[in-house]
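In case you want the letters, here they are:
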Amino acid sequence: MGNNQKLEFYVSRFLCLIPMLIFTTFCIVFFVVFKVFKMEVLAMGGLVSLIIGCFFCRDWSAYWDAVMTGMAKKSNTILIMILLVVGLFTGLMGKSGIAYGFVWLGEKIGLIGGPFVAFSFLAACIIATSTGTSIGTLYSTVPVLYPAGVLLGANPAFMAAALLGGATFGDNLAPVSDTTIASATTQSYVTKEGTAEIGGVVSTRFRYSLAAGLITFTLFWLFGGSGNINAEAETILAENANPKGLIMLIPIAVLLLVAIITRKIFNAIIWGLISGTIVGLVFGIITPSDILSVQDGVVVGFLYEGFTKMMAIIMYTLILFGIIGVLEASGLIEDVINKLSASKLASTPRGTEICIGVGIIFSCLLLGSSCAAAILMFGSISDKLGKKQYLHPYRRANLTDGFACTLSVITPSISAFIFMTTTLVDGLIADYSFVEPLNPLSLTTHCFYQMLLFAVLAFSVITGWGRTFEGAGGVQVKTKQEAIEQRKTA
């Protein structure tokens, strides 16, 4: 297929959407209906959707060339390599028991009611930021902190919302989060080679997450209690408390510091991994066999486990890139971008940012609130739209990732995260007689963080707070005119 030749489909070019529509169906059916939260299933669904899609294309060779082209882009290979290295660090943090450190701290401080809800939100924020996984954060915090919080006088809906809010906070902000990596690597520079540096994205994103997080923390503290306190809470906390987990905040601090200073994600992850391994060994949190060993013919250790856990998301990512490759080769994405760019709304930086915010939220809803998938799908549109208004890659990445982690995450009947949280709570009923089923709508109405993050980002778009443009050499400048002038003289 020539460089300017577009894929042709039978009947209508819009049949190029079939792979994406089938993939979307897989996301909704497995995430929302069956409550199966496995990337392997989505990767399989994506491959099936590509196979079905080729039957509607006139030229199968050109179709599969488009799939391979989508997979083989340099920015995509960078994303995959980052995910592989990140897997090693998240494997280490999974072994560290950091959640148990926060349980110990909460027990020692003696927080009850609303303050315990606020504390749990903060703990989930830190855990999610260190591990980069919202799903992992929910699975590690809900079984321990939720029942204890209910017994300590926390409102059940607020307690669940705090843990989901903290998980979302880290998913949006963490340098090792798949959404952070996806949002950065899909936004490229115009005046120099490469995509947005993850360290730079995180350092400029912090203001939005922190503003929403501080208000959320305060609201949970004030309104999160129900007043009912049960003595059983002390037993639950004591059984799951271990102060050593807090020591693993050291490698997290190292990783964040190196990422922000150098803006080189590989440097940050490697130093976080090295410092974390040393700290873990010195304080007895991990043993040499926890790093890498063979037990009864089976390879174990956080290096191997962290690496293999990334295989599913990498397969899923590659398949999604292939689907996007078909959409690009059909010319549909280019036409959408051209029409949006020619619209009156997208004729200004503010209007373009509104298009980005609305577009990514809609994309997330289509994919059952799978934020990373939506960012990968919509990222190229956000990239090209933003470039036309000279918006800096950091700004584009922040809006794309930020809005993805807002309303779509807490939309009842659609969001995988709402159903995941309520499913985890339901699973506690057998072990704790005081735990009652959690209504998805009730959970949604108590999710302060996602609502406030949306409000903060909307305020940023309307007022221009944090908006930067790409000047010569990729530098951030404050006005579009300054960016234009710098590029002319460069």
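Residues numbered from 1 in each chain as written. Predicted model: local features only at pLDDT ≥ 70, side-chain atom pairs only at ≥ 80, totals over all residues. Heavy atoms only, no water.

## Observations regarding the overall build of the chain
Piece 1. Scanning the chain from N- to C-terminus turns up 23 helices and six strands.
Piece 2. Its C-alpha atoms give the chain a radius of gyration of 23 Å, within 12% of the compact-globule value 23 Å for 490 residues.
Piece 3. Principal-axis analysis of the C-alpha atoms gives the chain an extent of 70 × 50 × 45 Å.
Piece 4. By the burial criterion, 57% of the 490 residues in the chain qualify as buried.
Piece 5. When the 29 basic and 27 acidic side-chain charges of the chain are each reduced to a single mean position, those positions are 12 Å apart. (Helix = DSSP H or I, 4+ residues; strand = E, 2+ residues; numbered from the N terminus. Rg over C-alpha atoms; globule rule 2.2 N^0.38 Å. Buried < 20%, exposed > 50% of the residue type's maximum accessible area, 1.4 Å probe, protein only. Lys, Arg positive; Asp, Glu negative; His and termini not counted. Charge placed at Lys NZ, Arg CZ, Asp CG, Glu CD.)

## Describing helix H15 (residues 302-330)
For an α-helix, 3.6 residues make a turn, and residues three or four places apart therefore share a direction.
Piece 1. Between the first and last C-alpha of H15 there are 42 Å, a value that for 29 residues agrees with the 42 Å anticipated at 1.5 Å per step.
Piece 2. Largest kink in H15: about 30°, centred on Ala312.
Piece 3. Backbone geometry just after H15 places Gly331 at a positive phi near 85°. (Expected span 1.5 Å × (residues − 1). Bend = angle between axes of the 7 residues up to and from the residue.)

## Thoughts on helix H17 (residues 349-366)
Piece 1. Between the first and last C-alpha of H17 there are 26 Å, a value that for 18 residues agrees with the 26 Å anticipated at 1.5 Å per step.
Piece 2. If you check which residues of H17 are buried, you get Pro349, Gly351, Thr352, Glu353, Cys355, Ile356, Gly357, Gly359, Ile360, Ile361, Ser363 and Cys364.
Piece 3. For H17, the elements touching its buried residues are helix H18 (371-388), helix H19 (393-404), helix H22 (448-463), strand S5 (469-470) and helix H23 (480-489).
Piece 4. Gly368 lies just past H17 and shows a positive phi near 65°. (Contact = heavy atoms within 4.5 Å.)

## Things to note about the packing of helix H4 (residues 74-96) against helix H9 (residues 178-185)
Each pair of packed helices gets described by two things: the angle between the helix axes and the distance between those axes.
Piece 1. Across the interface, H4 lies against H9 with an axial gap of 10 Å and an inter-helix angle of 155°. One way to sum up the angle between H4 and H9 is to call them roughly antiparallel. For H4 against H9, the interelement crossing comes out right-handed. Residues Ser75, Ile78, Leu79, Ile82, Leu83 and Val86 of H4 form the contact with H9, whose participating residues are Asp178, Ile181, Ala182 and Thr185. (Axes fitted to C-alpha atoms, helices over the stretch in contact; angles between N-to-C directions. Parallel < 35°, antiparallel > 145°, perpendicular 65-115°, else oblique. Left-handed = near helix turned anticlockwise from the far one by under 90°.)

## Looking at the packing of aromatic side chains
Two descriptors summarise a pair of aromatic rings, namely the distance from one centre to the other and the angle between the planes of the rings.
Piece 1. As enumerated under the stated definition, the model contains 18 aromatic pairs in all.
Piece 2. Relative to Phe119, the ring of Phe116 lies with its centre 6.2 Å away and its plane at 40°, an arrangement referred to as tilted. Here the residue Phe116 and the residue Phe119 both occupy positions in helix H6 (residues 113-131), the gap between them amounting to three residues, near one helical turn. Each member of the pair Phe116 and Phe119 is classed as buried. (Phe/Tyr/Trp six-rings, centres within 6.5 Å; stacked < 30°, edge-to-face > 60°.)

## Quick word on the nonpolar core
Piece 1. Ranked by internal contacts, the top residues of the largest apolar core, which has 157 residues, are Leu7, Phe23, Tyr63, Tyr146 and Phe220.
Piece 2. Residues contacting Phe220, with those up to four places away along its chain left out, are Gly114, Val117, Ala118, Phe121, Phe158, Ala161, Ala162, His446 and Phe448. (Core = buried A, V, L, I, M, F, W, Y, C linked by side-chain atoms within 4.5 Å.)

## Topic: a nonpolar patch on the surface
Piece 1. Together, Met81, Phe266, Ile270, Trp271, Ile274, Ile278, Val282 and Phe283 make up a nonpolar patch on the protein surface, roughly 770 Å² of accessible area in all.
Piece 2. Looking at which element gives the most residues to the nonpolar patch, the answer is helix H13 (residues 265-282), with six residues. (Patch = residues over 30% accessible without salt bridge, like charges linked within 9 Å, V, L, I, M, F, W, Y side chains within 5 Å. Areas by Shrake-Rupley, 256 points an atom, 1.4 Å probe, with all protein chains shown as cover. Salt bridge = Lys/Arg side-chain N within 4 Å of Asp/Glu carboxyl O.)

## Focus on the side chain of Thr131
Piece 1. Here Thr131 is to be found in helix H6.
Piece 2. Assessed through its relative accessible area of 11%, Thr131 is described here as buried.
Piece 3. Of note is the side chain of Thr131, whose polar atom sits 2.9 Å from the backbone oxygen of Ile127.
Piece 4. Sequence-distant contacts of Thr131, defined by excluding residues within four places in its chain, comprise Thr90, Met93, Thr137 and Val176. (Polar contact = N/O pair within 3.5 Å; in protein donor to acceptor, adjacent residues only side chain to side chain.)

## Quick notes on the packing of helix H8 (residues 156-173) against H22
Piece 1. Orientation of H8 relative to H22, taken along the N-to-C sense of each, is 45°, at an axis distance of 7 Å. In terms of axis orientation, H8 runs oblique to H22. Residues Phe158, Leu164, Gly165, Thr168, Phe169 and Asn172 of H8 touch H22, and the partners they reach there are Phe448, Tyr449, Gln450 and Leu453.
Piece 2. A class-by-class count of the residues in the contact of H8 with H22 yields six nonpolar, four polar and no charged. (Nonpolar A, V, L, I, M, F, W, Y, C, P; charged D, E, K, R; others polar.)

## Considering unusual backbone geometry
Piece 1. Although it is not a glycine, Val11 sits at a positive phi angle of roughly 70°.
Piece 2. Note on Val11: relative accessible area 82%, which makes it exposed.

## Considerations on the pattern of salt bridges
Should the charged atoms of two oppositely charged side chains come close, the side chains can pair.
Piece 1. One pass over the structure, following the stated rule, counts eleven salt bridges.
Piece 2. The partner of Glu328 in a salt bridge is Lys73, and the shortest N-O contact between them spans 2.7 Å. Pair noted here: Glu328 is in helix H15 and Lys73 is in the loop between helix H3 (60-71) and H4, with a separation of 255 residues, a long-range link.
Piece 3. Residue classification places Glu328 among the partly exposed positions, given a relative accessible area of 23%.
Piece 4. Here Arg467 and Glu353 are joined by a salt bridge, their closest N and O atoms 2.9 Å apart. Remark: Glu353 occurs in helix H17 and Arg467 occurs in the loop between H22 and S5; sequence separation between them is 114 residues.
Piece 5. Residue classification places Glu353 among the buried residues on the basis of a relative accessible area of 0%.

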